[in-house]
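# Overview (structure and organization)
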Amino acid sequence: MGELRVRSVLVTGANRGIGLGFVQHFLKMPKPPQWIFATCRDPKGQRAQELQNLASKHPNLVIIALEVTDPASIKAAAAKVGEHLGGSGLNLLINNAGMVKPTMLENETLEAMTEIYTTNTIGPLLMGQAFLPLLKKAAQGSPGSGLSCSKAAIANISSIGGSITFPFGWEMVHAVSYRCSKVLSHLCFPCPVPVWVPLLSPFLSHHRLLPVSPQAALNMLTKCQSLGYREHGILCVTFHPGWVQTDLGAAAGQTPPLTVDESVQGMLKVLSSISEKDTGTFLDWEGKVIPW
Ligand code: NDP
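Here, residues in each chain are numbered from 1, in the same order as that chain's written sequence. pLDDT decides what is reported in this predicted model: residues at 70 or higher carry local features, side-chain atom pairs at 80 or more are listed and counted, and totals for whole chains, interfaces and linings draw on all residues regardless. Side-chain numbers here rest on the full set of heavy atoms in the structure, without hydrogens or water.

## A few points about the overall build of the protein chain
A tally of regular secondary structure across the protein chain gives eight helices and ten strands. Under the scheme applied here, a residue whose accessible area is under 20% of the maximum for its type counts as buried, over 50% as exposed, and between as partly exposed, the area being computed with a 1.4 Å probe on protein chains only. Expressed as a percentage of its 292 residues, the buried residues of the protein chain come to 51%. Note on areas: these come from Shrake-Rupley sampling with a 1.4 Å probe, and a residue is covered only by the protein chains present in the view. With an accessible surface of roughly 13300 Å², the protein chain has 59% of that area assigned to carbon and sulfur atoms. Comment: elements are numbered from the N terminus, with helices defined as DSSP H or I runs of at least four residues and strands as E runs of at least two.

So this is what it looks like as structure tokens:
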């Protein structure tokens, strides 16, 4: 298994936690990417201090403002990245930004459900759309016919908390909005489309809603991206990063077992080895397939 070699990579939510870990690992590679775009909501703020320190030492690290729930912000970031890249494309987009509210079932609200779904699920959709031209360009500019992360790829960071088969950590925290942001749908028969059942079921009474292996929303998005973007030469994969020592990981009040380094190192190893056959899959940081 070789090391992941990309010319350019973009990481969302790169100012702390797993996102910052990705940036640090890319910078430490023997052959680091020529461009590392680290995006965060407030590049000049206190929470981006560590990124700013890194950027002052590494000219290949570019910090870009990006709020993943704001289409205008995403569009502006894509334009900036395009300017830096000149005529070349973006090899790897890591949709890492995410949030949790460690609430219990009875305290969940419309506002929390909406905010978390918008951030964790719609954000990665909009990112994929906005960066598609640059990803396509990278795929077109890379030799070889198969899919790979070195060529062009989207990695969506999801969570096993969104697996219905194995809803990890329920006894610690319900975090319903978080789980649902990573959980979507049933498959509608006869139309082979994923549907947002709670919203659409009144209109689908003549259809049979099949509770197919429960899909995580972000995982289903990845599946859709893998189907839609395959023809453009773009590999799409979802990751469960493990239970990791970050603000989000510790939100339930317990110390997670994995360090950011272990999680990121694992995911980079997996990214270096996956190919065409893995597009659209849900893997953990060690490369094991996660049940939907
Ligand atoms: P952290 O809470 O440490 O970091 C979250 C990052 O996301 C921050 O950089 C934060 O920025 C950013 N972010 C949140 N909302 C937005 C937004 N609307 N626009 C742009 N950036 C935003 O979390 P982790 O590093 O632990 O989580 C990273 C990913 O891994 C998430 O998708 C999470 O769901 C997933 N994950 C993590 C697990 C864990 O155990 N840690 C387990 C399973 C999945 P800011 O500083 O501005 O708030």
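## Structural notes on the nonpolar core
Soluble, globular proteins show a tendency: their nonpolar side chains are buried together. Here, the term nonpolar core denotes a set of buried Ala, Val, Leu, Ile, Met, Phe, Trp, Tyr and Cys residues that are joined through side-chain atoms within 4.5 Å. Grouped together as the largest cluster of nonpolar side chains are 40 residues, with contacts concentrated most on Phe22, Val23, Phe26 and Leu271. Residues within four places of Val23 in sequence aside, it is in contact with Val11, Ala14, Ile36, Ala38, Leu51, Leu54 and Leu61. By size, the runner-up hydrophobic cluster in this structure holds 27 residues, among which are Ile74, Ala77, Leu90 and Ala152. For this analysis, residues touch if any pair of their heavy atoms sits within 4.5 Å.

## Considerations on the sheet that holds strand E2 (residues 35-40)
Consider a sheet: its strands pair through backbone hydrogen bonds, and that pairing is either parallel or antiparallel. Pairs of strands are assigned from DSSP output, requiring at least two bridges between the strands. Spatially, seven strands are ordered E3-E2-E1-E4-E5-E9-E10 in an open sheet, and the strand pairing comes out parallel. Looking at which strands have only one partner, the edges of the open sheet turn out to be strand E3 (61-65) and strand E10 (282-284). With direction set aside, neighbouring strand axes in the sheet form an average angle of 20°. Of the pairings in the sheet, the one linking E2 to E3 comprises five bridges and is parallel in character. Looking across to E3, one finds that Phe37 is bridged to Val62. Think of each axis as a best-fit line through the C-alpha atoms, taken over the contacting stretch in the case of a helix, with angles from 0 to 180 degrees between the N-to-C directions. Where helix H4 (residues 110-140) meets the sheet, its contacts fall on strand E1 (8-11), strand E4 (92-95) and strand E5 (153-157), and the angle it forms with E4 comes to roughly 170°.

## Let's talk about the confidence of the model for the protein chain
Per-residue confidence for the protein chain averages 85 on the pLDDT scale, and 82% of its residues sit at or above 70. Low pLDDT, under 50, characterises residues 184-215; the predicted model gives this stretch 53 contacts beyond four residues in sequence or across chains. Our summary of model confidence lists the complex with pTM equal to 0.89 and ipTM equal to 0.99. For every residue, the pLDDT score states the predictor's confidence, bounded by 0 at the bottom and 100 at the top.

## Digging into the pairing of E4
Residue alternation in E4 divides its side chains into two sets, Leu92 and Ile94 and Leu93 and Asn95, and both sets are buried. For E1 and E4, the ladder comprises three bridges, and the chain directions are parallel. If you follow Val11 over to E4, its bridge partner there is Ile94. Both E4 and E5 contribute to a ladder of four bridges, which runs parallel. Bridge assignment links Ile94 to a residue of E5, and that residue is Ala155. Viewed with both strands pointing away, a crossover whose connecting path from the first strand over the helix to the second turns clockwise is right-handed. Since E4 and E5 lie parallel, the crossover through H4 that links them has a hand, and here it is right-handed.

## Some thoughts on the packing of H4 against helix H7 (residues 217-229)
Relative placement of two packed helices is described by the angle separating their axes and the distance separating the axes. For the pair H4 and H7, interaxial distance at closest approach is 10 Å and the crossing angle is 15°. Classified by the angle their axes make, H4 and H7 are roughly parallel. Here H4 runs over H7; the crossing is right-handed. Along the contact surface, H4 presents Tyr117, Asn120, Thr121, Pro124, Leu125, Gly128, Gln129 and Leu132, while H7 presents Ala217, Leu218, Leu221, Gln225 and Tyr229. When an angle is under 35 degrees it counts as roughly parallel; over 145 it counts as roughly antiparallel; between 65 and 115 it counts as roughly perpendicular; any other value is oblique. Two helices that cross are described as forming a left-handed crossing if the nearer one is turned anticlockwise from the farther one by less than a right angle, and a right-handed crossing if clockwise.

## With respect to the side chain of Asn120
Structurally, Asn120 is set in helix H4. Of note is the side chain of Asn120, whose polar atom sits 3.0 Å from the backbone nitrogen of Met99. Any pair of N or O atoms that falls within 3.5 Å is considered a polar contact. Within protein, one atom must be able to donate a hydrogen and the other to accept it, and sequence-neighbouring residues count only if both atoms are side-chain atoms.

## Quick word on the pattern of salt bridges
We define a salt bridge as a side-chain nitrogen of Lys or Arg found within 4 Å of a carboxyl oxygen belonging to Asp or Glu. Inspection of every chain in the model, using the stated rule, returns six salt bridges. Between Lys277 and Asp278 there is a salt bridge, with its nearest N and O atoms 3.0 Å apart. Under the relative-accessibility criterion, Lys277 is labelled exposed at 66%. We classify Asp278 as buried; its relative accessible area is 13%.

## Things to note about helix H8 (residues 260-273)
Expected helix span is taken as 1.5 Å per residue step, with the number of steps being one fewer than the number of residues. With 14 residues, H8 should cover 20 Å at 1.5 Å per step; its first-to-last C-alpha distance of 20 Å lies within 8% of that length. Looking at the packing, one finds that the buried side of H8 touches helix H1 (17-28), E4, E5, strand E9 (235-240) and E10.

## A word on the environment of Lys101
The topology assignment puts Lys101 in the loop between E4 and H4. Lys101 sits in the partly exposed class, given a relative accessible area of 28%. Separated by 60 residues in sequence, Lys101 and Arg41 have C-alpha atoms that sit 18 Å apart. A polar contact is formed between the side chain of Lys101 and the side chain of Glu115, at a distance of 3.3 Å.

## So, the pairing of E9
Summarising burial for E9: six of the six residues are buried, a large majority. Going residue by residue along E9, you find Leu235, Val237 and Phe239 tucked away on one face and Cys236, Thr238 and His240 tucked away on the opposite face as well. Of the strand pairs in this sheet, E9 and E10 are connected by three bridges, and their pairing is parallel. Along E10, the bridge assignment pairs Thr238 with Phe282.

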